[in-house]
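# A structural walkthrough
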Amino acid sequence: MKRLLLWCVLALSGQVSYGQLLTWNPPFPKENDAAQNLVITVDATKGNQGLLNYSPTGDVYVHIGVITNLSTTTDDWKHVLFTWGTTPVAAQAAYAGSNKWTYTISGSLRTFFNVTDPNEVILKIAILFRSGNGSRAQRNTDGSNMYVPVYTPGLHVRIDQPARQPKFVPVPEPQNWTIGSAISITANSSEASTMKLYHNGVLLATQTNVTTISSNSTVTVIGNQQLVAEASNGSVTRFDTLNIFVAPPASPTAALPAGVRDGINYEPGDTSVTLVLRAPGKNLATVIGDFNNWTQTAQHIMNRTPDGKFFWLRLHPLVPGTEYAYQFVVDDSIRIADPYTEKVLDPWNDQYISPATYPGLRPYPAGQTGIVSVLRTAEPAYNWTITNFSRPDKRGLVVYELLLRDFVAAHDWKTLTDSLAYLQRIGINAIELMPVNEFEGNISWGYNPSFYFAPDKYYGPKNAFKAFIDSCHRRGMAVIMDMTLNHSFGLSPMVQLYWDPANNRPSTSNPWYNPVAKHAFNVGFDMNHESLDTRYFSSRVMEHWLKEYKVDGFRFDLSKGFTQVQTCDASGNNCNVGAWGNYDASRIAIWKRYYDSVQNHSQGAYAILEHFADNSEEIELSNYGMMLWGNMHGSYANASKGIISGSDFSNAIHSSRGWAQPHLVSFMESHDEERIVHLNIKEGASSGSYNIKDTATALKRKELVAAFLFTIPGPKMFWQFGELGYDYPINYCPDGTVNNNCRLDPKPIRWDYLNDPRRTSVLNVFSKLINLRFHPWYREAFQSGNVNKSLSGSGKWIHTNSGDSSHLVVVGNFGLTQQAVAFTFPSAGVWFDYFGNSTFTATGGVQNISLQPGAYRVFLNRNVGNIPVTPVTNVPWTGNRMQAKVYPNPVSGPFVTEINLPQPSVVSADLFNAIGQHVLKVHDGPLARGSNIITTTQRLVPGIYHLQIRSASTVTTLQLTIQ
C-alpha cells in the first residue's frame, strides 16, 4: 500500500488543477472524446497579469499547442495551430468579464490539433492568452507557460482547493496561513467513487459514490501542511497530495558556527555541510531540495545570526559523492539558488548541452522553478601535475585572447586543450579567456554573468577546465580569466534577493547593487564596490579561481565602472562620459584594495584593467603593479588601411604616455574591435595597381602592423585567429548578413585558413616576432627596453634596445607607393635582416632604406637567426692542410667559424678563456670536404678567448675577442 501511495503522489502531483489563474471544464479532459466541449478560462488578475485591464476585449487570442510523448522538453510544443502575433478568427478568445477570457475546443483533441500518428499521445495542452500583436501575454507569475492536463480513461483525483499554479508541474498558489488559520479543501474525481480528505495524516471527511468532496481544517503547527485526497472505486485507489508550508514569523536566532563562511561549507566525513546565506534585513529562510523532496519543512528552517545578517543550516546526513540540488526560500516568497554554488542546473538552457560536452549532466529536477544550485560531498578531486608554475614576467606577456565558443566547434575544454600545441607554436605565453563562469544562456560572450563561482557547463565539467589550465602550465602558458564584477543581470540570486518590482531594478536595500548605474556605458545592474558586502564577495570570487583553479590572474571588465562617483543623473540617464573618466581617488582606492586582495590570495597573480581613464590615474594604478589595456585599434587600423592621418600608434609605447612601468597591454584587436583585415578589404586605400582591398595585400598589411606591435616593449595582446588574418566582420550574422544585432552571435571557425599560404605567412610572421621577444639576448629589451621612434608619417621606424648590446630596428612603408625611409642605425657594422635572412651593412650615418608599399624590415645587431655571414676577406683556400677562420672578430654577438678541409674528417672545436678554462664545445663530429660554416649563438662574457680546432692531422688555435 505504501508503494502505491508513493507512486500516485509522484504521478498526480504533476497534474495541473483548477487554479484561479487557469480553469477548465470538463475538469478531466481526454484526448479522444468526440463529445467533449472543453472551455478554458484565464483570469488576468492572477499570474503575471499580462492582460490585466487590457481594454480591447476583442483583441485577445490564444497561442496553443500540445505536449506529447514525442516532446523533448517541457516547452517543446507540438502541433501549434497559430502563428504568434497574428489574429485568425479561430484563435480569438471570448471576453467573460472581470478580466477573464475563455477559449473553447470542441470535440476530440486529437482532431482539433491534427494529431494523426497513433503512437503519439497528448499529455498536456500548452496555452497562452495574448494580445493580437503579441506584445502582451498572460502567463504564470514567473513568466512560464500555462498547461491543461489531459487524462486517460479511468479514475483520477485532484485537489482543486487550495488552488495551484498551472505550470508544467503545478505548484500551490501562495497562502498566507499562520497557526490558527482556517483552511478549506475541495477535491474532485473523474468518476463516482469513495472519496476521503486528510490533513497531516488526520482523516477529515469520507463520502461514498461522489465526484467531489469538501472539508475544513485548521493549521495547528508550523511547518509543512500535507493535504491528501483519496478516491477509490473498489478496484483502483488514487491519491493526490498537496504540500503547503506554514512559516514562522522569523527564523530562530543562533550564532554562526565557528569556521564557516558564506556559501557551502563541507565538513570532514563527507556526510555533512553547513550552508550560509548572507541576507541582511530578511526575516526567514528555509532550504528546499532533493533532501526534503523540495518541500519546506520545519527541520529545514535556517537559523538567523543575532546581527540579522546571515542565515545558516547544517545538512546531515548526506550520501558521499551524491549531487544534491537545492534552493533557498527567503521570507516565504523568494526562491534563489546559492550565490556561492559551483554548479547550477538551468531549466532553460541545460537541455541544449550535449553529453559529449558535459558527460553525465544530471537533469533539472522536475516540478521546480528557476535556477537551482548543486552541492556534492566527496567530489572527485583533480590531481594537478604542475603545482609550482612560475608565471611569466608580466612585462613580457604575449596574450592570446579567445572566446572558446568561436575557437573550437566542440566548444569544450578538452578540444581546447588539444589545440594548445598550435598556440605554443605561435609562441604566446598567456591565454586570456573571455568569461567562463556561469552566464545567462549558452550562446554568449559571457559578459552577462549569473553565478561567479561556477564554470559554465556549456564548456564542460570543472575538472576538464582544471586539466586545461594544468596543460597550459605544462607548456609555460599562463591562464587569465576575464572577470565581470562590475554588473549582473536578472538571474543573479543577489539581484533577485533584493528587488524593486515597481521600478524593475534592485531595491535601495540591496547590499551589492546600486538601484541605478552611477556611470555611462553600464549594462545590467551596477555593483556598488564601496559596499563591504560587495568587497567581500568580490574578494571571495578572486580567491576561488586563483586557489581552486590555479588561474594566473584576471582581466577585469569595465574597471572604470568600479566607482560610486555619480556621473549620471538620479535615474541613471544623462551621463557625463568625460567626468566619468576624470581622475577618481575613490576608484583608485577600490582598485588598490582589490589588487592587494589578488596578491594576498596568490602572490604575483596578474590584474589587467579595462580602464581607459585619465592618464594620471592609469599611471598611479600601473605604478601599484596593475596592468592596463592599451587599445590602439584606431591607429593600427588606419595604418593598415593606408590612411596616414590618425595612424600614429606612439601611445602603444608606455613611455610615450609618461609611464615608468611597462604595464601597458597594447593591442590592435580585441573581442570588441572590428577585424583589421576585414577593414583592409572593405576600406583599404589604393594607388595604381597597389590595392589594399585585395585579400593578398590586405593580409600583407596585417604582417606590417604586427611588426610594429610586437617589437614594442611591454605586454601585448591579440585576438583569436588574428595571426591568420581573420576577416569576418564583428557584426557577422549566422545567415551571412552583417547587422549590429549580431555582434554577440557565433562567428565562423576557420581552421581551414591553415591551408592558405597567404594566411600561414601571417602566422609565421606573428610566430617569429613573438619568439624573438623571448630570445635571451632580446628578452630584456622587450620587457622594459628603450624606444626611439618616428611614427607620424607613412615611412615609420622604431628602434628598441635594452641598454646593452641588443638592438632592434623596424622600418616600414605604410604608404601606397615605393619610398625610401631615412634612418641612422645606432652603430655601424653588420646588421641582420630577421625576415630577409641576409645581412645589412650600416654606415653610421643616415641611410635610405627603399621599401615597396606595405613592406617592412626588422634588423637586429645580433644574429639570432643563424644568418650566413659573408667572410670579411675573400681569400681563396690553398694547400692540403685544414685551414680555419673566425669572424666577425671582434664580435658582440654570434660568430662564425669557417673550416676548410682537404678531405672529410672528424673535427672538434673548443673555446677556452684567457686563463685556459674550457668554456664551450663549438663542434664535435664529422665535417665534409671543402668549406664548412658553423655559427655559434651562445652569449658569452666579454673578454679574450682562444678557439682550438683539431682535425685528424692538424691542430690550429685562433684568438677571438668578445665585446
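Residues numbered from 1 in each chain as written. Predicted model: local features only at pLDDT ≥ 70, side-chain atom pairs only at ≥ 80, totals over all residues. Heavy atoms only, no water.

Here the focus is the layout of surface pockets. If you add up the space inside the second largest pocket, you get close to 850 Å³. Taken together, 32 residues form the lining of the second largest pocket, with Glu342, Glu379, Lys462, His544 and Glu548 sitting closest to its centre. Looking at the lining of the second largest pocket, the elements that each hand over two or more residues are β16 (263-266), β24 (372-376), α5 (462-474) and α7 (532-548). Ranked by residue count, the leading element in the lining of the second largest pocket is α7, at 5 residues. (1 Å grid on protein atoms, 1.4 Å probe; cavity = no way out; pocket = protein on both sides within 12 Å on 5 of 7 lines; lining within 4 Å. Points joined across faces, edges and corners; volume = space filled by probe spheres on them. Helix = DSSP H or I, 4+ residues; strand = E, 2+ residues; numbered from the N terminus.)

Relative to the helices and strands, Asp833 resides in strand β43 (residues 829-833). For Asp833 and Asn861, which are 28 residues apart along the polypeptide, the C-alpha to C-alpha distance reads 9.0 Å. Ignoring sequence-local partners within four residues, the contact set of Asp833 consists of Ser838, Arg857, Val858, Phe859 and Ile867. (Contact = heavy atoms within 4.5 Å.)

On average, residues of the chain score 93 in pLDDT, and 97% of them reach the 70 mark or higher. Contacts for the low-pLDDT stretch residues 1-19, under 50 throughout, to residues beyond four places or in other chains number 54 contacts. Scored below 50 in pLDDT, residues 871-876 makes 5 contacts in the model with residues more than four places away or belonging to other chains. (pLDDT = per-residue confidence, 0-100.)

Right, let's talk about the sheet that holds strand β53 (residues 955-962) for a bit. A sheet is described by the order of its strands in space; here 4 strands give the open sequence β50-β49-β52-β53, paired in antiparallel fashion. The sheet is open, and its two borders are formed by β50 (918-927) and β53, each paired with just one other strand. Between one strand and the next, the sheet's axes are offset by a mean angle of 15 degrees, whatever the strand orientation. (Pairing = 2+ DSSP bridges. Axes fitted to C-alpha atoms, helices over the stretch in contact; angles between N-to-C directions.)

Here we come to the state of the cysteines. All told, the structure shown has 2 disulfides when counted by the stated rule. The side chain of Cys568 participates in a disulfide bridge whose partner is Cys575; the two sulfur atoms lie 1.9 Å from each other. In this structure the cystine formed by Cys568 and Cys575 twists about its S-S bond by roughly 105 degrees; its chirality is therefore right-handed. When its relative accessible area of 6% is taken as the criterion, Cys568 is described as buried. According to the relative accessible area criterion, Cys575 is partly exposed, its value standing at 29%. Each sulfur of the disulfide joining Cys733 and Cys742 lies 2.1 Å from the other. Note on the Cys733 and Cys742 pair: the S-S dihedral is about 95 degrees, so by sign convention the disulfide is right-handed. The two residues Cys733 and Cys742 agree in class, both being buried. (Disulfide = S-S within 2.5 Å. Buried < 20%, exposed > 50% of the residue type's maximum accessible area, 1.4 Å probe, protein only.)

On to empty space enclosed by the protein, then. Applying the stated criterion to the full structure yields 4 cavities of 30 Å³ or more. Considering only enclosed or pocket space, the largest cavity measures out at about 130 Å³ in volume. Lining the largest cavity we find 16 residues, and of these Asp406, Arg675, Trp719, Gln720 and Lys747 sit closest to its centre. The residue inventory of the lining of the largest cavity, partitioned by class, reads 9 nonpolar, 1 polar and 6 charged. One number sums up the size of the second largest cavity: a volume of about 90 Å³. (Nonpolar A, V, L, I, M, F, W, Y, C, P; charged D, E, K, R; others polar.)

Moving on to the packing of helix α11 (residues 633-641) against helix α12 (residues 676-683). Two numbers describe how α11 lies on α12: the axes approach to 9 Å, and their chain directions differ by 45 degrees. Our classification of the angle between α11 and α12 gives oblique. Helix-helix and strand crossings are classified by hand; for α11 and α12 the assignment is right-handed. Note on element contacts: α12 touches α11 through Ile676, Leu679, Asn680 and Glu683, opposite His633, Tyr636, Ala637, Ser640 and Lys641. (Parallel < 35°, antiparallel > 145°, perpendicular 65-115°, else oblique. Left-handed = near helix turned anticlockwise from the far one by under 90°.)

A few words now on the packing of helix α13 (residues 695-707) against helix α14 (residues 757-773). α14 packs onto α13 with a crossing angle of 5 degrees between their chain directions and a minimal axis gap of 9 Å. Relative to α14, the element α13 lies roughly parallel. Residue-level inspection shows Thr695, Ala696, Leu699, Lys700, Lys702, Glu703, Ala706 and Ala707 of α13 in contact with α14, the latter providing Arg758, Arg759, Ser761, Val762, Val765, Phe766 and Leu769.

The alternating pattern of strand β45 (residues 846-851) places Gln847, Ile849 and Leu851 on a buried face, while none of Val846, Asn848 and Ser850, on the opposite face, is buried. Two elements, strand β42 (residues 819-824) and β45, share 6 bridges in a ladder whose sense is antiparallel. Bridge pairing links Ala822 to Asn848 in β45.

Let us now look at the pattern of salt bridges. Scanning the entire structure with this criterion turns up 41 salt bridges. With a shortest N-O distance of 3.3 Å, Lys414 and Asp418 are connected by a salt bridge. Note that Lys414 and Asp418 are positioned in helix α3 (residues 413-418) at a spacing of 4 residues, about one turn of the helix. The salt bridge involving Glu610 is made with Arg555; its shortest N-O contact spans 3.2 Å. (Salt bridge = Lys/Arg side-chain N within 4 Å of Asp/Glu carboxyl O.)

Summed over all chains, the structure comprises 54 aromatic pairs. Between the aromatic rings of Phe708 and Phe814, the centroid separation amounts to 5.1 Å while the plane-to-plane angle is 70 degrees, which identifies the pairing as edge-to-face. Note that Phe708 is positioned in the loop between α13 and β38 (716-719) and Phe814 in the loop between β41 (807-813) and β42, a separation of 106 residues in sequence. Looking at Phe708, the relative accessible area reads 0%, which means it is buried. Taking relative accessible area as the criterion, Phe814 reaches 0% and is therefore assigned buried. For the ring pair Tyr726 and Tyr728, a centre distance of 5.3 Å and an interplane angle of 40 degrees mean the geometry is tilted. Here a set of aromatic residues connected by ring pairs shows up, and it is made of Tyr400, Phe407, Tyr422, Phe710, Phe718, Phe721, Tyr726, Tyr728, Tyr732, Trp751, Tyr753 and Phe766. Geometry around Phe168 places Lys124 over its ring, the cationic atom sitting 5.0 Å from the centre. In this structure, Arg130 packs its charged tip against the face of Trp84, placed 5.5 Å from the ring centre. (Phe/Tyr/Trp six-rings, centres within 6.5 Å; stacked < 30°, edge-to-face > 60°. Lys NZ or Arg CZ within 6 Å of the ring centre and 35° of its normal.)

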